[in-house]
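# Residue-level structural notes
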Amino acid sequence: MRVAIADYGAGNLRSLSSALARAGVEPYVTTDAVTVRDAPLALIAGVGHVESAAAGLARNGLDDALRTRVQAGRPVAGICVGMQLLFEASEEGGEGLGLLAGPVTRVRARRVPHMGWNTLAKTRASTVLDGLDGEDVYFAHSFAASPADDGVTIATVDHDGRLVAAVESGPVAGVQFHPERSAAAGARVLENLVRWSRSA
């Protein structure tokens, strides 16, 4: 199975590509809108902030390709800032893809960024997080999604309060943490995302 990673110019996606290859799929980083639109699974991943990432997607028409996928019921998953891009306006600046309703807001905690390992608390059943309730995963972010519909939330973490760690709604899923930095739990997430994409 081929997985298209939408390249918005965030830089090195090699570690994620390697982790996906270990999950049994063929990842490829691309700026081609048709490839992103038609792949069995499209991923938005990387670091940076919503405004520059959204501009990078729009530069090659990847934003419209991702929206077209979702309208057709084809799976799109976001990782780290890619999850934030699934939502609407960000307090950091810029607009996401609007695939899920709600803003992206600054993490309000004594320690920002939210950096390091934290424990997932699943909020409902989900293929994406199957077998991962209570597992520790790696975060590095200062902004987080605030879904308008809490029903899309599938996991949270505690960081001076509740932060949304993962979402799923129809053909759209996202994780705020870095699977490629999260050891065995991260490998399980990527395997689960592939399995989820086949039934989304």
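Presented here is an overview of the structure given in this document. (Residues numbered from 1 in each chain as written. Predicted model: local features only at pLDDT ≥ 70, side-chain atom pairs only at ≥ 80, totals over all residues. Heavy atoms only, no water.)

The next thing to look at is the overall build of the protein chain. Check the secondary structure of the protein chain and you find 6 helices and 12 strands. The C-alpha atoms of the protein chain give 15 Å as radius of gyration, which agrees with the globular expectation for 200 residues (16 Å, within 12%). Taking the principal axes of the C-alpha coordinates as reference, the protein chain spans close to 40 × 35 × 30 Å. Within the span of the protein chain, comprising 200 residues, buried residues form 52% of the whole. For the protein chain, the share of sequence-separated contacts (at least 6 apart) that also reach a separation of at least 24 residues comes to 70%. Surface exposure of the protein chain reaches about 8200 Å², of which carbon and sulfur atoms provide 46%. Averaging the positions of the 19 positive and the 22 negative side-chain charges in the protein chain gives two centres separated by 4 Å. (Helix = DSSP H or I, 4+ residues; strand = E, 2+ residues; numbered from the N terminus. Rg over C-alpha atoms; globule rule 2.2 N^0.38 Å. Buried < 20%, exposed > 50% of the residue type's maximum accessible area, 1.4 Å probe, protein only. Contact = heavy atoms within 4.5 Å. Areas by Shrake-Rupley, 256 points an atom, 1.4 Å probe, with all protein chains shown as cover. Lys, Arg positive; Asp, Glu negative; His and termini not counted. Charge placed at Lys NZ, Arg CZ, Asp CG, Glu CD.)

For the rest of this paragraph, the subject is the sheet that holds strand E7 (residues 121-122). As a general point, the strands of a sheet are linked pairwise by backbone hydrogen bonds and lie either parallel or antiparallel. The strand order E2-E1-E3-E4-E12-E11-E10-E7 describes an open sheet built from 8 strands, whose pairing is mixed. On the outer flanks of this sheet lie strand E2 (26-30) and E7, each paired with one strand and no other. In terms of strand pairing, strand E4 (residues 76-79) meets strand E12 (residues 172-175) through 4 bridges, oriented parallel. For Val76, the partnering residue across the bridge sits in E12 and is Val172. Helix H4 (residues 62-71) rests against strand E1 (2-6), E2, strand E3 (41-44), E4 and E12 of the sheet, and its axis sits at about 135 degrees to E3. (Pairing = 2+ DSSP bridges. Axes fitted to C-alpha atoms, helices over the stretch in contact; angles between N-to-C directions.)

Where helix H1 (residues 14-22) is concerned, the buried positions are Leu16, Ser17, Ala19 and Leu20. All buried residues of H1 project into a common sector of 160 degrees when viewed along the axis, lining one side. Of the residues in H1, the exposed ones pointing more than 90 degrees away from the buried face are Arg14 and Arg22. Buried residues belonging to H1 abut E1, E2, E3, E4 and helix H6 (183-199). Immediately downstream of H1, the backbone of Gly24 shows phi near 95 degrees, a positive value. (Arc of directions from axis to C-beta.)

Our next topic: the environment of Ser146. With respect to the secondary-structure elements, Ser146 resides in the loop between strand E9 (143-145) and strand E10 (153-158). What makes Ser146 partly exposed here is its relative accessible area of 29%. Excluding anything up to four places from it in sequence, Ser146 contacts Gly102, Pro103 and Thr105. Within polar-contact distance, the side chain of Ser146 engages the side chain of Thr105 at 3.0 Å. (Polar contact = N/O pair within 3.5 Å; in protein donor to acceptor, adjacent residues only side chain to side chain.)

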